[in-house]
Amino acid sequence: MSTDSPFAVPYDDPFGVHNLPYGVFRTAGRPQPRIGVRFGGRVLDAGAAARAVGAPAEVSGLLSAPLLNPLLAAGRPAWTRVRAALTEWLTGEQHRAAVGPLLVPLADVALDLPFEVADYVDFYASEHHAVNVGRIFRAGADPLTPNWKHLPIGYHGRAGTVVVSGSPVVRPCGQRRAGGEDAPSYGPSLRLDVEAELGFVVGGATGRGSRVAMDGADEHVFGVCLLNDWSARDVQAWEYVPLGPFLGKSFATSVSPWVVPLDALAHARTAPPPRDTPLLPYLDDAAAPPRGLDIAMELRLNGHTVSRPPFAAMYWTYAQMLAHMTVNGASLRPGDLFASGTVSGPEPDSVGALIELTHGGQRPVALPDGSTRAFLEDGDEVVITGSAPGPGGVRVGLGEVAGRVEPARD
Ligand SMILES: O=C(O)/C=C/C(=O)CC(=O)CC(=O)O
Ligand SMILES: [Ca+2]
Ligand SMILES: [Mg+2]
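Everything quoted here is computed from the prediction, not taken from an experiment.

Our next topic: the domain arrangement of the chain. Looking at the assigned domains, one finds that the chain contains domain 1 (22-112) and domain 2 (120-406). Computed from C-alpha atoms alone, the centre-to-centre distance between domain 1 and domain 2 is 30 Å. Listed as interface residues are 17 residues of domain 1 and, on the opposing side, 19 residues of domain 2. In total, domain 1 and domain 2 occlude about 1,500 Å² of area from one another, counting both sides; carbon and sulfur atoms represent 65% of this. Its largest share of buried area at the contact with domain 2, domain 1 owes to Tyr22, Leu72 and Arg76, together 41% of the area lost on that side. Here domain 1 is connected to domain 2 by one salt bridge.

So, on to the coordination of the magnesium ion (ligand 3). All of the protein donors around the magnesium ion (ligand 3) are Asp229 (OD), Lys249 (O) and Thr253 (OG1); their distances to the metal are 2.0 to 2.7 Å. Mapping the donors of the magnesium ion (ligand 3) onto the primary sequence yields the spacing D-x19-K-x3-T. For the pair Lys249 and Thr253, one class covers both residues: buried.

For helix α6 (residues 127-137), the set of buried residues is His129, Ala130, Val131, Val133 and Gly134. As for α6, its buried residues are in contact with α10 (354-357). Between the side-chain oxygen at the start of α6 and the backbone nitrogen of His128 there is a gap of 3.3 Å, and the oxygen is on Ser126.

As a further point, take unusual backbone geometry. The phi torsion of most residues other than glycine is negative, and most of the peptide bonds are trans. With an omega dihedral of -5 degrees, the bond running from Val241 to Pro242 counts as a cis peptide bond. With a phi close to 50 degrees, Asn302 is a non-glycine residue in the positive phi region. By secondary structure assignment, the location of Asn302 is in the loop between β20 (296-301) and β21 (304-307). One non-glycine residue with positive phi stands out, namely His359, at about 50 degrees. Relative to the elements of secondary structure, His359 occurs in the loop between α10 and β23 (365-366).

The subject of this paragraph is the environment of Ala271. Along the polypeptide, Ala271 turns up in the loop between β18 (269-270) and β19 (292-293). A relative accessible area of 54% means that Ala271 is categorised as exposed.

A few words on the sheet that holds strand β1 (residues 22-27). Spatially, the five strands line up as an open sheet ordered β4-β3-β2-β1-β5, and their pairing is antiparallel. Either end of the sheet is taken by a strand with one partner, and the two such strands are β4 (103-105) and β5 (109-112). When the angles between neighbouring strand axes are averaged without regard to direction, this sheet yields 50 degrees. The pairing of strand β3 (residues 42-45) with β4 spans three bridges and is antiparallel. The residue bridging Arg42 from the neighbouring strand is Pro105, located in β4. Strands β2 (34-39) and β3 of the sheet are contacted by helix α1 (residues 46-53), whose axis makes an angle of about 55 degrees with β3.

In this structure, Asp122 (OD), Glu195 (OE), Glu197 (OE) and Asp229 (OD) serve as the protein donors to the calcium ion (ligand 2), at separations of 2.2 to 2.3 Å. Coordination at the calcium ion (ligand 2) is irregular: its six donor atoms span angles of 77 to 165 degrees at the metal. All donors of the calcium ion (ligand 2) come from a single chain, and their spacing in sequence reads D-x72-E-x1-E-x31-D. Of this pair, Asp122 sits in strand β6 (residues 120-123) while Asp229 sits in the loop between β14 (221-228) and β15 (231-232), and the two are 107 residues apart along the sequence. Taking the relative accessible area as the measure of exposure, Asp122 reaches 2% and is therefore buried.

Right, let's get into the pattern of salt bridges. Across all of its chains, the model carries 22 salt bridges by this definition. A salt bridge links Glu58 to Arg81, with the shortest nitrogen-to-oxygen separation between them at 2.8 Å. Here the residue Glu58 occupies a position in helix α2 (residues 57-63), and Arg81 occupies one in helix α4 (residues 76-91), the gap between them amounting to 23 residues. Overall, Arg81 belongs to the partly exposed group, its relative accessible area being 44%. Between Arg76 and Asp263 there is a salt bridge, and its shortest N-O distance comes to 3.3 Å. With Arg76 in helix α4 and Asp263 in the loop between β17 (260-261) and β18, this pair connects stretches of sequence that are 187 residues apart. The class for Arg76 is buried, based on a relative accessible area of 12%. Residues participating in the shared-partner salt-bridge network are Asp193, Glu195, Asp229, Arg233 and Lys249.

Calculation criteria
- Residues numbered from 1 in each chain as written.
- Chains lettered and ligands numbered in written order.
- Predicted model: local features only at pLDDT ≥ 70, side-chain atom pairs only at ≥ 80, totals over all residues.
- Heavy atoms only, no water.
- Domains from an automatic or database assignment.
- Contact = heavy atoms within 4.5 Å.
- Buried area = accessible area lost by both parts, 1.4 Å probe.
- Salt bridge = Lys/Arg side-chain N within 4 Å of Asp/Glu carboxyl O.
- Donors = N, O, S within 2.8 Å, 3.2 Å for Na, K, Ca; no water.
- Buried < 20%, exposed > 50% of the residue type's maximum accessible area, 1.4 Å probe, protein only.
- Helix = DSSP H or I, 4+ residues; strand = E, 2+ residues; numbered from the N terminus.
- Polar contact = N/O pair within 3.5 Å; in protein donor to acceptor, adjacent residues only side chain to side chain.
- Pairing = 2+ DSSP bridges.
- Axes fitted to C-alpha atoms, helices over the stretch in contact; angles between N-to-C directions.
- Tetrahedral: all angles 85-135°; square planar, octahedral: opposite > 155°, others 65-115°.

Below you can see the structure in the form of structure tokens.
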């Protein structure tokens, strides 16, 4: 095979055949959104490939949609069949002539939000993050609230403001109370922050009244994306008592364009940290298969790496989050998105938010251009990347989620 063949993807490419993440793309020549599967530096037009190889109607139909929701709805057995088909098309000699022309260079595509977000929930699953921000928001009180080790705390976010990587983020305005003031004022957030998180993309509907136990989680988690939960800390600190985050976080949540299938993360599975508080049976994972994920993340501000958050340090697993989210009988819809909460590790340079990195803004970080940041300035660009161990020592790439801050609007 010549090295300029679209099939000549190096063995250790993080987007090799062991990964095959799903997205939705358009090209200048064909602006209709359609499902793409990343393979090396190219994107397979998956629906066109299915038709070109004469795939079964189920596979062809699911891949010919303009977004991932029908595939998400189809459930785990269909996900397995579709992934097997894609693997065969990209590795089988007999498909090269049909599939090769449908591998579009990444540089020629625009990537859209890959699925319509049904409900969006954000958890708070890092003990390190919870302790760090608890100290800042509730100085003098126990940093962990009494419920923290008994259940994965979460809140419902705003599905309609989940945006794809690259979308600009306008600095939000809102009520905030400056230190020392009694009354709030209105204006642009002065403490705009980021939260490096992992998003879990849900498929397979459940009815109201049913629950997804921990051992059913893999039937409903289709895959993962990188997620940035942009946060206006001044708005948040004033508004959150007692119902939790609201407008301080609902203006934008950015996700990476590629949804990495859970199947591609088999080698990333790892035991979560030891539990030191007994758990109710529906959350007790002492005898469960390991559902921590060893995903290495990087948080970059204007091109400079400021932190390396380790997902393996997360206290609560995605199976516990999903079990808790449905234990009251709340139904799931294809396209539900739940996020892990800020990924922070134990080290000062492994935290997933500026508020932690800068100790509430008191110790600004220095950037190579000589400037410093306590919180984000207009024009700043934040990029979060991630990768996980794959088979045979290769990495599974999660790609990146990027966003640039635009000035507040009058
Ligand atoms: O402890 C608090 O009051 C604040 C928590 C958060 O910032 C909420 C959040 O988005 C959870 C997270 O990302 O871990
Ligand atoms: Ca968050
Ligand atoms: Mg948000």
